[in-house]
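Topology and contacts: notes
In case you want the letters, here they are:
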Amino acid sequence: MIGLITAMRCEAEFFENIMTDKRSVKLGTSTFTRGKIGITEVVLSVCGVGKVFAGVCTNTMIVDLGCTHIVNIGVAGSLDKNIGVGDIVSAKASVQHDMDTSAAGDPVGLISGINVIELPCDEAFHDKFAQYLSAKGRTLKTGIIATGDQFISDNARKKEIVSRFGACAVEMEGGAVGQICYANGVPYNIIRMMSDCANDDADDTYSLNRDDCAVELADIFTGFISTLC
Ligand code: ADE
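Now for a look at the structure at hand. Computed from a predicted model, the values in this text were never measured in an experiment.

1. Digging into the pairing of strand β1 (residues 2–6)
Burial within β1 is extensive, with five of its five residues counted as buried. Of the two faces of β1, the one holding I2, L4 and T6 and the one holding G3 and I5 are both buried throughout. Two elements, β1 and strand β4 (residues 40–46), share five bridges in a ladder whose sense is parallel. Opposite T6, over in β4, you have V46 as the bridge partner. Sheet topology places β1 next to strand β5 (residues 69–78); four bridges connect them, and they run parallel. In the sheet register, L4 faces β5, and the bridge partner there is V71.

What follows is the structure, encoded as structure tokens:
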């Protein structure tokens, strides 16, 4: 069963409306809606914004609800001049740009305990989605997605994240989903539509585009996921 995690209600509403055989359960901090998208069994949850909510939600989906694959989906800020607002990015790996134990001698971004910086995403799922989009005449962009408990609306901070991690997009949950999936040995993917460019104007661009991007991405992803199994 696939677990679909969004941070915000606007990113989940389209899925919720299209799901059949729905039943909801509240576990801990989140409500989980089980049901089907087409013929595919899914669990959907709106985890809340940021790494802590995303990590807790991911753990519940895996440990309590038996999810065997997690997809984190929603909007993000582009860090790459070749990736614009409305483009879709599927992460090849996530990093946590605000994880920093460098004062203790570690590289910035190293997740102590598991001792990795990059948390790799599931390639087979990524490739299938890329093929699906290509058949619809749309390109799927890929690269490293950087996660942190900060909305990035600042050219200098954007530059710093790019130069440190080579990331192409930034958001606030995917790396936490990745960490819990990695620790549990469960595959995951992060799929995001760009709502802004994480620059000095990002707060305005984000407000303007967030809802439309969230719905458009959910609509596209529904077509893909509904035939998976
Ligand atoms: N989600 C969408 N845009 C973002 C940004 N600029 N920073 C962090 N998370 C985001």
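2. Points about the site of the ligand
In the vicinity of the ligand there are 13 residues, among which A76, G77, F151, I152 and D196 approach most closely. Residue I152 places a main-chain N or O atom 2.9 Å away from a nitrogen atom belonging to the ligand. D196 is positioned such that a nitrogen or oxygen atom in its side chain is 2.7 Å from a nitrogen atom of the ligand. Expressed as a share of its isolated accessible area of 260 Å², the protein-covered part of the ligand is 96%. For the shell around the ligand, the elements supplying multiple residues, two or more each, are β5, β9 (167–171) and β10 (188–196). No other element matches β5, which puts three residues into the shell around the ligand. When the residues that make up the shell around the ligand are grouped by side-chain class, the tally is eight nonpolar, three polar and two charged.

3. Quick look at the packing of aromatic side chains
Enumeration according to the criterion identifies eight aromatic pairs in this entry. For the ring pair F15 and F221, a centre distance of 6.4 Å and an interplane angle of 85° mean the geometry is edge-to-face. With F15 in helix α1 (residues 9–18) and F221 in helix α6 (residues 202–225), the pair connects residues that are 206 residues apart, well separated along the chain. In this structure F221 comes out as buried when scored by relative accessible area, which is 0%.

4. Here we look at the nonpolar core
L4, F15, V71, I88, F129, I191 and F221 are the most contacted members of the largest nonpolar core, which has 30 residues in total. Those elements giving two or more residues to this core turn out to be β1, α1, β4, β5, α3 (123–135), β10 and α6. Counting residues per element, this core draws most heavily on α6, which supplies nine residues. Among all residues touching V71, those that are not within four sequence positions of it are I2, G3, L4, I5, F125, N189, I191 and F221. Residues C47, C121, C168 and V186 belong to the second largest nonpolar core, which totals 29 residues.

5. Overview of a negative patch on the surface
Where like charges cluster on the molecular surface, the negative patch consists of D154, D200, D201, D203 and D204. Among the residues examined, D154 registers a relative accessible area of 34% and is labelled partly exposed.

Basis of the calculations
- Residues numbered from 1 in each chain as written.
- Predicted model: local features only at pLDDT ≥ 70, side-chain atom pairs only at ≥ 80, totals over all residues.
- Heavy atoms only, no water.
- Buried < 20%, exposed > 50% of the residue type's maximum accessible area, 1.4 Å probe, protein only.
- Helix = DSSP H or I, 4+ residues; strand = E, 2+ residues; numbered from the N terminus.
- Pairing = 2+ DSSP bridges.
- Near = heavy atom within 4 Å.
- Polar contact = N/O pair within 3.5 Å; in protein donor to acceptor, adjacent residues only side chain to side chain.
- Areas by Shrake-Rupley, 256 points an atom, 1.4 Å probe, with all protein chains shown as cover.
- Nonpolar A, V, L, I, M, F, W, Y, C, P; charged D, E, K, R; others polar.
- Phe/Tyr/Trp six-rings, centres within 6.5 Å; stacked < 30°, edge-to-face > 60°.
- Core = buried A, V, L, I, M, F, W, Y, C linked by side-chain atoms within 4.5 Å.
- Contact = heavy atoms within 4.5 Å.
- Patch = residues over 30% accessible without salt bridge, like charges linked within 9 Å, V, L, I, M, F, W, Y side chains within 5 Å.
- Salt bridge = Lys/Arg side-chain N within 4 Å of Asp/Glu carboxyl O.
- Lys, Arg positive; Asp, Glu negative; His and termini not counted.
- Charge placed at Lys NZ, Arg CZ, Asp CG, Glu CD.

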